[in-house]
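As a plain string of letters, each chain reads:
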Amino acid sequence: RRPAIVRTCPLCSKTIVDHQLTWQQLDQAVAETRMPEEYRNTTVDMLCNDCGVKGEASPLHLVAHTERSCGTAARARSRSTV
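Let me sum up the structure you'll find in this document.

Thresholds applied
Residues numbered from 1 in each chain as written. Predicted model: local features only at pLDDT ≥ 70, side-chain atom pairs only at ≥ 80, totals over all residues. Heavy atoms only, no water. Helix = DSSP H or I, 4+ residues; strand = E, 2+ residues; numbered from the N terminus. Buried < 20%, exposed > 50% of the residue type's maximum accessible area, 1.4 Å probe, protein only. Areas by Shrake-Rupley, 256 points an atom, 1.4 Å probe, with all protein chains shown as cover. Salt bridge = Lys/Arg side-chain N within 4 Å of Asp/Glu carboxyl O. Disulfide = S-S within 2.5 Å.

1. Considerations on the overall build of the protein chain
Then, number 1: Looking only at helices and strands, the protein chain has one helix and three strands in total.
Then, number 2: When its helices and strands are written in sequence order, the protein chain yields α-β-β-β.
Then, number 3: Within the protein chain, buried positions represent 23% of all 82 residues.
Then, number 4: For the protein chain, the exposed area adds up to about 6,000 Å²; of that, 52% sits on carbon and sulfur atoms.

2. Some words on the environment of Met 46
Then, number 1: Tracing the backbone shows Met 46 in strand E1 (residues 43–47).
Then, number 2: Judged by relative accessible area, which is 1%, Met 46 ranks as buried.
Then, number 3: Along the backbone, Met 46 and Ser 58 are twelve residues apart, and their C-alpha atoms lie at a distance of 7.0 Å.

3. Some points on the environment of Thr 66
Then, number 1: Mapped onto the fold, Thr 66 is located in the loop between strand E2 (54–59) and strand E3 (77–81).
Then, number 2: By relative accessible area, which is 28% here, Thr 66 ends up partly exposed.
Then, number 3: On a C-alpha basis, the gap between Thr 66 and Asp 27 in space is 7.9 Å, while along the polypeptide they are 39 residues apart.

4. Some remarks on the pattern of salt bridges
Then, number 1: By the definition in use, this model includes one salt bridge.
Then, number 2: Between Glu 37 and Arg 40 there is a salt bridge, and its shortest N-O distance comes to 2.5 Å.
Then, number 3: Its relative accessible area of 56% is what places Glu 37 among the exposed residues.

5. A short note on unusual backbone geometry
Then, number 1: Phi at Ser 13 takes a positive value of approximately 70°, unusual for a residue other than glycine.
Then, number 2: Following the sequence through the fold, Ser 13 ends up in the segment before helix H1 (20–32).
Then, number 3: The exposure class of Ser 13 is partly exposed, given its relative accessible area of 29%.

6. Considerations on the state of the cysteines
Then, number 1: In total, this model carries zero disulfides according to the counting rule given.
Then, number 2: The cysteine Cys 12 is free of any disulfide, with Cys 9 supplying the nearest cysteine sulfur at 3.7 Å.

These figures capture arrangement, not role.
Written as structure tokens, this is what we have:
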């Protein structure tokens, strides 16, 4: 089994490699994937490890959550609201 490639700092969890292509691919996948009706108005409060923004509501999506301040695909969320 191969070791996992470390893409974030083990101390602060900030991204340490350029993921611009990954973010673009996730944005495309989000745009192409319709959310079920019951989740279309649901938002999540984000915790972005890259820019430090906390608590900004973003639309819930099954593919990825994009953090609005810096545009990265957020890896953590603090709560959901319907």
